[in-house]
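So you can see what is in the structure, the chains are spelled out below.
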Amino acid sequence: MTTNWWKESVVYQIYPRSFHDSNGDGIGDIKGITEKLDHLEDLGIDVIWLSPVYQSPNDDNGYDISDYRAIMDDFGRMEDFDEMLKEAHKRGIKIMMDLVVNHTSDEHQWFVESRSSKESPYRDYYIWKKGEDGKPPTNWGAAFGGSAWQYDDTTGEYYLHLFSKKQPDLNWENETVRNDIYDMMNFWLDKGVNGFRMDVINFISKDQRYPDGEVNDAGFGDGSPYFMNGPRIHESLQEMNKKVLSQHDTITVGEMPGATVEEAKLYTGEDRHELNMVFHFEHVDVGNGKYGKWTPEQWKLTDLKKIFSRWQEGLEEDGWNSLYWSNHDQPRAISRFGNDSEAYREISGKMLATCLHLLKGTPYIYQGEEIGMTNVAFDSVHDYRDIETLNAYDDYMNGGLLTHDDMMKGIHERSRDNARTPVQWSDDRHGGFTKGKPWIAVNPNYRDINAQQAVSDPESIYHYYKKLIKLRKDNPIIVYGKYELLLKDDEQIYAYTRTWEDQTLLVICNFSEDTPKFELPKEVKFSEKELCIANYDVDIKEDPTTFTLKPYEARAYLLK
Ligand code: NOJ
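An unreviewed UniProt entry annotates the chain as oligo-1,6-glucosidase originating from Aquibacillus koreensis. The chain has a UniProt comment under Catalytic activity (unreviewed entry) that states "Hydrolysis of (1->6)-alpha-D-glucosidic linkages in some oligosaccharides produced from starch and glycogen by alpha-amylase, and in isomaltose." Its UniProt record gives the chain the following Sequence similarities (unreviewed entry) comment, quoted word for word: "Belongs to the glycosyl hydrolase 13 family."

(A) Representation of the sheet that holds strand β7 (residues 149-152) in the model. An order of β6-β8-β7 is seen for the 3 strands of this open sheet, with the pairing classed as antiparallel. The sheet is open, and its two edges are formed by β6 (128-129) and β7, each paired on a single side. Bridge analysis of β6 against strand β8 (residues 157-160) gives 2 bridges, and the strand direction is antiparallel. Bridge pairing in β8 places W128 opposite Y159.

(B) Highlighting the sheet that holds strand β2 (residues 47-50). Strand order in the open sheet made by the 8 strands is β13-β12-β9-β5-β2-β1-β15-β14, with parallel pairing throughout. The open sheet is flanked by β13 (277-279) and β14 (322-323), the only strands paired with a single partner. Contacts from helix α5 (residues 175-191) reach β5 (94-99) and β9 (195-198), with the element oriented near 135° to β9.

(C) A look at the pairing of strand β17 (residues 493-500). Burial analysis of β17 places 6 of its 8 residues in the buried class, which makes it a mostly covered element. With 5 bridges connecting them, strand β16 (residues 482-486) and β17 associate as antiparallel partners. Across the sheet, the residue bridging to E484 is T497, located in β17. Relative to strand β18 (residues 503-510), β17 runs antiparallel, the two being bridged by 8 bridges. Within β18, the position partnered with T497 by the bridge is L506. Counted along the chain from β17 to the antiparallel partner β18, the turn is 2 residues long, and its residue E501 has a positive phi close to 50°.

(D) Summary view of helix α15 (residues 461-474). Between its first and last C-alpha atoms α15 spans 20 Å; for 14 residues at 1.5 Å apiece the expected length is 20 Å, and the two agree. Listed in full, the buried residues belonging to α15 are I461, Y462, Y464, Y465, L468, I469, L471 and R472.

(E) Just the site of the ligand, in detail. The environment of the ligand is made up of 13 residues, and the closest members are D60, H103, D199, H328 and D329. In the environment of the ligand, an oxygen atom lies 2.5 Å from a nitrogen or oxygen atom belonging to the side chain of D60. A distance of 2.8 Å separates an oxygen atom of the ligand from a polar atom in the side chain of H328. Burial of the ligand by the surrounding chains reaches 97%, relative to a free accessible area of 300 Å². Its residues assigned to classes, the shell around the ligand shows 4 nonpolar, 2 polar and 7 charged.

(F) How the structure looks around the pairing of strand β15 (residues 362-366). A large share of β15 lies buried, amounting to 5 of its 5 residues. Side chains of β15 alternate between two faces, with T362, Y364 and Y366 and P363 and I365 buried alike. For strand β1 (residues 11-14) and β15, the ladder comprises 3 bridges, and the chain directions are parallel. The residue of β15 that forms the bridge with V11 is Y364. Across 2 bridges, β14 lies against β15 in parallel orientation. From the neighbouring strand, S322 faces β15, where its bridge partner is T362.

(G) Just the nonpolar core, in detail. In this structure, F81 and F511 are the most contacted members of the largest nonpolar core, which totals 151 residues. Ignoring sequence-local partners within four residues, the contact set of F81 consists of I30, L50, V53, I71, M97, W188, K191 and V193. Ranked by size, the runner-up nonpolar core spans 15 residues in total, among them I127, W149, V200 and F203.

(H) Focus on the pattern of salt bridges. Enumeration over the complete set of coordinates arrives at 43 salt bridges. Note that K31 and D80 form a salt bridge whose closest N and O atoms lie 4.0 Å from each other. Of this pair, K31 sits in helix α1 (residues 30-35) while D80 sits in helix α3 (residues 78-90), and the two are 49 residues apart along the sequence. The exposure class assigned to K31 is partly exposed, which follows from its relative accessible area of 47%. Put simply, R555 and E542 hold a salt bridge, and the shortest N to O gap is 3.2 Å.

(I) The arrangement of a negative patch on the surface in detail. Taken together, the side chains of E270, D271, E317 and D318 present a region of like negative charge at the surface. Within the secondary structure layout, D271 lies in the loop between α7 (261-268) and β13.

(J) Here's a closer look at the side chain of T250. Structurally, T250 is set in the loop between α6 (233-243) and β12 (251-255). Sequence-distant contacts of T250, that is, excluding residues within four places in its chain, are made with W5, W6, L189, N194, G195, L245 and N276.

(K) Fine view of the environment of M198. As for its position among the elements, M198 is in strand β9. Overall, M198 belongs to the buried group, its relative accessible area being 0%. Along the backbone, M198 and S512 are 314 residues apart, and their C-alpha atoms lie at a distance of 35 Å. Residue contacts for M198: discarding those within four places in its chain leaves L99, M185, M240, L245, T252, V253, G254, E255 and L275.

(L) Representation of the state of the cysteines in the model. Counting across every chain of the model gives 0 disulfides. Sulfur of C509: no disulfide; nearest cysteine sulfur belongs to C355 and is 4.5 Å away. With no disulfide of its own, C532 has C509 as its nearest cysteine by sulfur position, at a separation of 12 Å.

(M) Region of interest: the UniProt feature "domain: Glycosyl hydrolase family 13 catalytic" (unreviewed entry) in the chain. Per the UniProt entry, the sites bearing "domain: Glycosyl hydrolase family 13 catalytic" (unreviewed entry) are residues 13-420 in this numbering. What you have in residues 13-420 is 32% helix and 13% strand, and the ends, taken at the C-alpha atoms, are 12 Å apart.

(N) Region of the structure containing the packing of aromatic side chains. With the rule as written, the count across this model stands at 39 aromatic pairs. Between W140 and Y226 the ring centres are 6.4 Å apart and the planes differ by 10°, which places this aromatic pair in the stacked class. Residue W140 is located in the loop between β6 and β7, and its partner Y226 is located in the loop between β11 (221-222) and α6; the two are separated by 86 residues in the primary sequence. Judged by its relative accessible area of 0%, W140 falls in the buried class. With 5.5 Å between their ring centres and 65° between their planes, F144 and F163 make a pair best called edge-to-face. Remark: F163 occurs in the loop between β8 and α5 and F144 occurs in the loop between β6 and β7; sequence separation between them is 19 residues. Ring-pair connections join several aromatic residues into one group, and the members of that group are Y54, Y68, F81, W110, Y122, Y125, F187 and W188. Its end group placed over the ring of W425, K36 keeps NZ or CZ at 4.2 Å from the ring centre. If you follow K94 out to its NZ or CZ, it ends over the ring of W5, 4.4 Å from the centre.

What counts as what
Residues numbered from 1 in each chain as written. Predicted model: local features only at pLDDT ≥ 70, side-chain atom pairs only at ≥ 80, totals over all residues. Heavy atoms only, no water. UniProt positions renumbered as here; feature names shortened; annotations may be inferred. Pairing = 2+ DSSP bridges. Helix = DSSP H or I, 4+ residues; strand = E, 2+ residues; numbered from the N terminus. Contact = heavy atoms within 4.5 Å. Axes fitted to C-alpha atoms, helices over the stretch in contact; angles between N-to-C directions. Buried < 20%, exposed > 50% of the residue type's maximum accessible area, 1.4 Å probe, protein only. Expected span 1.5 Å × (residues − 1). Near = heavy atom within 4 Å. Polar contact = N/O pair within 3.5 Å; in protein donor to acceptor, adjacent residues only side chain to side chain. Areas by Shrake-Rupley, 256 points an atom, 1.4 Å probe, with all protein chains shown as cover. Nonpolar A, V, L, I, M, F, W, Y, C, P; charged D, E, K, R; others polar. Core = buried A, V, L, I, M, F, W, Y, C linked by side-chain atoms within 4.5 Å. Salt bridge = Lys/Arg side-chain N within 4 Å of Asp/Glu carboxyl O. Patch = residues over 30% accessible without salt bridge, like charges linked within 9 Å, V, L, I, M, F, W, Y side chains within 5 Å. Lys, Arg positive; Asp, Glu negative; His and termini not counted. Charge placed at Lys NZ, Arg CZ, Asp CG, Glu CD. Disulfide = S-S within 2.5 Å. Phe/Tyr/Trp six-rings, centres within 6.5 Å; stacked < 30°, edge-to-face > 60°. Lys NZ or Arg CZ within 6 Å of the ring centre and 35° of its normal.

Right, here's the structure in full:
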């Protein structure tokens, strides 16, 4: 029988390259993960989402896969993977693999064959088209800069790549491609993995008319209306569910840029047989400016509350939410949504955790978040490693759209490498991540911010996360309670209730450095109260009716 255990779980994301290096080559690896499983068991998480560990030339750090059934040399061998899986399961921790099937690497055997000749049986595994008058088939731009089409001399045609030119898009119209993918998924499920996080899975179905898109400042067309949530996406996911997922007891989450609540209902509705939940991008895109994340602007708490509330209410009856502040593509949560100054780093990190973990949905913790890691600000662009960051720097500078200073500001605030500097395990050299030279520099603040320190201090953010995770296990209201927003127009306080049976969970979070006054709306009535968690010392006898909040204060009460 399948259950909804994934609703009651807390997921922890590992980006293996930056997690822990066991052999001193400067790159995190699978044995490094196994060595740290005790840390995760102690934290209390239920599932690990493992970013890609498959064979890859690393144009996009493993999101360009050249062999879906082999482990990347940098990360170890299949034996290491099997051992890690066994050790995780022994500790009651499940493993969710990253499934990257919108595209492969151009070094995948399928693509090597496909590009070799128009007659190749693999030709139709990818999307090949003739150009017109020496121009690509459509005006679409790629996510990592330039055209989304690459001309290939061998056969005189273009192939589609929505990301880098080393990430050609697979042709999901081709049934053999789909079946090969399903076989590969079964290969991993048969090994005992517990589910998949599906990379840009709402991009797999392309509008077969291939129209041009609206042209942006960089001179490329926006193809997204023709591949985001495309015409056959639900049909494909239902087929995948029928042929693969329904045969196993899995956790699934689809990464879905541009997905709305209405679409999420279709992807995650119980009777739809597609996915368990989706990652939407609305809240992580707040404050995007003229050139998106590279020109960040001040965001408003009311906007963030509107977004969360829309998703909470929209999926209340049917479907399920995923909850996250950060991942390997986003800046560090505290720097982005809290305050990473020495005075408020831990307090604001605890506040953000309270706010997120007590919402309805499955919470995701990104590696290092539990010890309060922050963004990094390298002085030189040459210290960055991320293809998106480096290409954007070149494109915006060459195009004369942004100055070096503006671009560096955008990079410091929003580059993906903020999340990719190695996990800071101790105050040893390179934060105890490696005995060698790390592939990307460790954030220099590792002497103060590291796991060893956080684990040994009972008041640390780490112990606060542990407490939040335990609270979820002990209180079904946190999993199943109905959400309601309070104080809708307040620009400093995010307060909400969750109700379930005769209980109400009241959550109050101050997102500012100020000391605003909280007043409990009259509709929320109670005769008994219990303080469940707070990030400052609170007099437990105090009623949560009227009080002044401290900077970044968070409290949660159970009311009856
Ligand atoms: C989303 C992944 O999270 C990101 O890291 C990657 O670059 C793109 N998809 C392309 O696979």
